[in-house]
Amino acid sequence: MRAHEPLEDGQTPLDPDEADGLIPRWVATRGDLDQVESTNIDRSYAWAAMALRRREQVASDAFLRGLHHAMFGQVWQWAGRYRLTERNIGIAPHDICMQLRQLFDDTAAWREYRSYALAEQAYRLHHRLTWIHPFPNGNGRCARLMADHYLVQHGGTPFTWGRTLHAGDVRRRYLQAIRAADAGDYAPLADFVGR
């Protein structure tokens, strides 16, 4: 991947050490990278289906790391490992494990005490994962799949994730919804996911 390619709004820049972790050496453009990541992400559904058959809890550290590795393990050497560097978004690296533990404890409490409807639990799980931003890259995609697998595990159906919008509008509306949730307003995110 060429370092001088401009990043789209909401994309996380990779530092040189992480970019060195690219496994397929033929990747030269962002389009190439999107292609190999997309192929790997498609394969991750089989991993998730097996994990769900084993009754693994989706809202857990093991599932999160395993899912990220399944999504990006043939693309990035650091797939499934939490980031060690600061980012333009997300919490400090030394707080990642603690914040994830708190998120998964909160999620268990939401289920046990029915604090929120299932769909709201899932989009709150998604939002907190994007806010924590545990991995060097792929956080939004991983968080979206986590939310969908969480819904399926508990008898729900996956979100639409903006598929009802015009293609150019999807990313802009998604980022606006995430930013609104950052400020405590979950209504745009609920609308975006199709609930």
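Each remark here, short or long, concerns the structure printed above.
The paragraphs below set out a description of the structure included in this document. Please read these numbers as outputs of a predicted model, since none were measured by experiment.

## Topic: the packing of aromatic side chains
To describe a pair of aromatic rings, one takes the distance between the centres and the angle between the planes. Overall, the coordinates contain 8 aromatic pairs when judged by the stated rule. Between the aromatic rings of Trp-47 and Phe-63, the centroid separation amounts to 5.1 Å while the plane-to-plane angle is 50°, which identifies the pairing as tilted. Here Phe-63 lies in helix H3 (residues 61-72) and Trp-47 lies in helix H2 (residues 30-53), a separation of 16 residues in the sequence. On the basis of relative accessibility, which here comes to 0%, the residue Phe-63 falls in the buried class. Seen in terms of ring centroids, Tyr-82 and Phe-135 are 5.3 Å apart; in terms of plane orientation they differ by 45°. Their pairing is tilted. A residue pair is termed long-range when its members are at least 10 positions apart, and Tyr-82 in the loop between H3 and helix H4 (96-113) and Phe-135 in the loop between helix H5 (118-132) and helix H6 (139-153) qualify at 53 residues. The rings of Tyr-123, Phe-159, Trp-161 and Tyr-186 are connected pair by pair, giving a single aromatic cluster.

## Points about the packing of H2 against H6
In a pair of packed helices, the angle between the axes and the distance between the axes together describe the arrangement. The geometry of H2 relative to H6 is characterised by a closest axis approach of 12 Å and an angle of 30° between their N-to-C directions. When the interaxial angle is binned, H2 and H6 end up roughly parallel. As H2 runs across H6, the sense of the crossing is right-handed. Where H2 approaches H6, its residues Glu-37, Ile-41, Ser-44, Tyr-45, Ala-48 and Leu-52 are matched on the opposing element by Arg-141, Leu-145, His-149, Val-152 and Gln-153.

Cut-offs and rules
- Residues numbered from 1 in each chain as written.
- Predicted model: local features only at pLDDT ≥ 70, side-chain atom pairs only at ≥ 80, totals over all residues.
- Heavy atoms only, no water.
- Phe/Tyr/Trp six-rings, centres within 6.5 Å; stacked < 30°, edge-to-face > 60°.
- Helix = DSSP H or I, 4+ residues; strand = E, 2+ residues; numbered from the N terminus.
- Buried < 20%, exposed > 50% of the residue type's maximum accessible area, 1.4 Å probe, protein only.
- Axes fitted to C-alpha atoms, helices over the stretch in contact; angles between N-to-C directions.
- Parallel < 35°, antiparallel > 145°, perpendicular 65-115°, else oblique.
- Left-handed = near helix turned anticlockwise from the far one by under 90°.
- Contact = heavy atoms within 4.5 Å.

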